[in-house]
Amino acid sequence: MPEKFYITTPIYYPSDKLHIGHAYCTVATDVIARYKRLQGYDVMFLTGTDEHGQKIEDKAKAAGVTPQQYVDNIVEGERGVLDLWKLMNISYDRFIRTTDDYHVSAIQKIFKAMYDKGDIYKGKYVGKYCKPCESFWTESQLKDGKCPDCGGEVQDAEEEAYFFRLSKYADQVQDLLENTSFLEPRSRVNEMVNNFIKPGLEDLCVSRTSFTWGIPVDFDPGHVVYVWIDALFNYMTALGYMNDKYNDLDTFWPADVHIIGKEIVRFHTIIWPAMLMSMGLPLPKKVFGHGWLLLDGGKMSKSKGNVVDPYLLSEKFGVDALRFFLLRTFPFGSDGSFSNELLIQTINIDLANDLGNLVSRTTAMVGKYFDGTLSAERRYEKERDDELVSLTTGLRSRYEQAMEQYAPHKALEEIFKVIQRANKYIDENAPWILAKDPQDRPRLASVLYHLLEATRICGILLTPFMPESMDKLFTQIGAGPDCRTWESAGIWAALPEDTAVVKGENLFPRIDAEKELAELEAISAAAKRAALPQLEIEPLTEEPVDFDTFCRSDFRAVKVKACENVKKSDKLLRFTLDDGTGVDRQILSGIAKWYKPEDLVGKTLVAIVNLPPRKMMGLDSCGMLLSAVHTEKGEEVLNLLMLHDAIPAGAKLC
Ligand code: MSP
């Protein structure tokens, strides 16, 4: 019986189309899953979508559809999540959606079980909530009053809610983090322990009543289960935990590894193990928190218009080249800065030059000098051959070591050392010179055979990264099924002596960097422009006003002495102003929607002071305050004109 291996990606939040950052995590997981299959493991690779929460409810409302319709479109629609994983050749075995019935009822049972145990209890939630991150924070966890994860605004939150006794598991979780290899890279352990556990783990609010798009707490209508409880248990419900849909729990749980991004390590290494401890369930063996793919020095964000579209890059450069680039360029545990230059450079140097040339030169020479089928005669030259042979035969174990440490970038580095050595070997042995002397034919056959072997072994180990291209490579170098296996990657001379090559297409054509960069630059500039708020300003008045009429308007700097809301009006603010005359001036202004009265006291504004007084809500308004007005996303936006405070009250504007 093959050994089992259970690997997961985070389930994606389908609030927008996925970008290259999401693809990075999934491609990495796919590479590891394929590597394990290559080794002979029976792999279960799970991915899916995390579809509940207030953000989805809000987005659906804005789009005029139901939340279910909204997520269905992003998951199943054109260029949605499923399409993207197909395009990126993601070999997942199971896809879970948290709106699937079996998952919903399983979560209700899990919630009830923790409640019955006393680990979930009812209380009152007072704190802060970050909508985009769907996270609750206590005052002390905020960074400068903002969400410590995304730096965004948080809202006050107070409501009756259920709590999970996270505090009860603090010591056990700390022990797990500090004394086992549960969380990797190890550098993330300190962050968890120092920032979250040591300051004191508070009980976690695990239900909401302020929105409805979630899994209902079935024994208390009005409450929906906190989205992270719903989401984390996907890793088990997808195997059949608390449901009859699947029956794979005994085979695959505990998971061998959860691959996740660094910002969700807290949920996976504190909350997740604590809940499993509460349920008396085995813990996953490992959580690996990878870094972020950054753009322009920051996280990709649709609102900044700086997301990188994996569809566009795959269409231009090929899916395999993109998959390869993501893992070759950035050390998996650290952040990396994405750029189109880097992408094109990596493809041109590693794939077109190094690997592509090795394959095309070698197969072309077997074609030219042996009519495509290598002769069996050989002449080995120890001093010339040993280095390449030993470097290549040791490759599999160096590669395995790196892959086991979740360091695919290191595994690729090892492969490319061999590819570069093989290219050098061509130059050292100059087959074109050997081809001139019939006496050197056995030597020529040996040199080309060595090159085919080195290519074959590299090809096997590159298969998890670039499955389709390596298939083509094997066909070109004449490697049959037996010569493509993990076992054969550890064996030198697996190819038949009279191996026959097949001339094929260029695996990795060279990219015209200048042309492609200009095109990508133009696309990205257009995306950034499109992300700018759609501003509308009123058309300019064409009818002229004569100069004397204009000069009769008296504009003055005025200082706000007091400001308050007008009773029974949700629009008007009442200003008491110093206009430099020594007598207070009262102006009413319909700007309550944009300003809080207390924020305006002391400000220096501009008023037109010679308008006849007007009565509003029974009060006199003697003049008008000037504002700039425009429309943004269909909403009127108003900004009061404010002057430098050094300008005295009464100063005339002309
Ligand atoms: N729904 C949660 C996960 C629940 S798992 C029980 C979630 N979803 S997400 O769609 O926001 O993110 C999914 C994964 O994509 C995360 O691991 C996140 O780190 C990763 N990435 C999103 N943007 C990324 C980059 N720019 N770079 C690398 N990974 C990034 O979190």
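Everything in this summary refers to the structure shown in the same document.

Quick notes on the rules
Residues numbered from 1 in each chain as written. Predicted model: local features only at pLDDT ≥ 70, side-chain atom pairs only at ≥ 80, totals over all residues. Heavy atoms only, no water. Helix = DSSP H or I, 4+ residues; strand = E, 2+ residues; numbered from the N terminus. Buried < 20%, exposed > 50% of the residue type's maximum accessible area, 1.4 Å probe, protein only. Lys, Arg positive; Asp, Glu negative; His and termini not counted. Salt bridge = Lys/Arg side-chain N within 4 Å of Asp/Glu carboxyl O. Polar contact = N/O pair within 3.5 Å; in protein donor to acceptor, adjacent residues only side chain to side chain. Phe/Tyr/Trp six-rings, centres within 6.5 Å; stacked < 30°, edge-to-face > 60°. Near = heavy atom within 4 Å. Areas by Shrake-Rupley, 256 points an atom, 1.4 Å probe, with all protein chains shown as cover. Pairing = 2+ DSSP bridges. Core = buried A, V, L, I, M, F, W, Y, C linked by side-chain atoms within 4.5 Å. Domains from an automatic or database assignment. Contact = heavy atoms within 4.5 Å.

Looking at the side chain of aspartate 230
- On the secondary structure map, aspartate 230 appears in helix 8 (residues 227-232).
- Here aspartate 230 occupies a buried position and makes no salt bridge, while the nearest side chain of opposite charge, arginine 97, is found at 11 Å.
- Of note is the side chain of aspartate 230, whose polar atom sits 2.8 Å from the side chain of histidine 103.

With respect to the packing of aromatic side chains
- Taken as a whole and judged by the stated rule, the model has 30 aromatic pairs.
- Ring geometry for tyrosine 6 against phenylalanine 252: centres 6.3 Å apart, planes inclined by 55°, an arrangement best described as tilted. Residue tyrosine 6 is located in strand 1 (residues 4-8), and its partner phenylalanine 252 is located in helix 10 (residues 249-252); the two are separated by 246 residues in the primary sequence.
- What makes phenylalanine 252 buried here is its relative accessible area of 7%.

Looking at the site of the ligand
- In the vicinity of the ligand lie 24 residues, with Ile11, Asp50, Gly261, Glu263 and Leu293 positioned nearest.
- Within the backbone of tyrosine 13, one N or O atom sits 2.9 Å away from an oxygen atom of the ligand.
- Between aspartate 50 and the ligand, the recorded distance is 2.6 Å, taken from a side-chain N or O atom to a nitrogen atom.
- Surface burial for the ligand is 94%, taken as the share of its 660 Å² of free accessible area covered by protein chains.
- Breaking the shell around the ligand down by element, the ones donating at least two residues are helix 1 (20-38), helix 8, helix 9 (234-237) and strand 11 (257-261).
- Looking at the shell around the ligand element by element, the count peaks at 4 residues for helix 1.

Structural notes on the sheet that holds strand 5 (residues 135-137)
- Strand order across the open sheet formed by 4 strands is 5-4-6-8, with antiparallel pairing between neighbours. The strands lining the two open edges of the sheet, one partner per strand, are strand 5 and strand 8 (204-205).

Regarding the nonpolar core
- Among the nonpolar cores identified, the biggest contains 108 residues, and Leu355 and Ile415 are the most heavily contacted of them.
- At 13 residues, the largest contribution of residues to this core is made by helix 19 (residues 441-462).
- Counting contributing residues per domain, this core is built from domain 1 (4-52 + 59-98 + 231-304) and domain 3 (333-490), each supplying no fewer than three.
- Once residues within four sequence positions are removed from consideration, isoleucine 415 is found in contact with Leu395, Tyr399, Cys458, Leu461 and Leu462.

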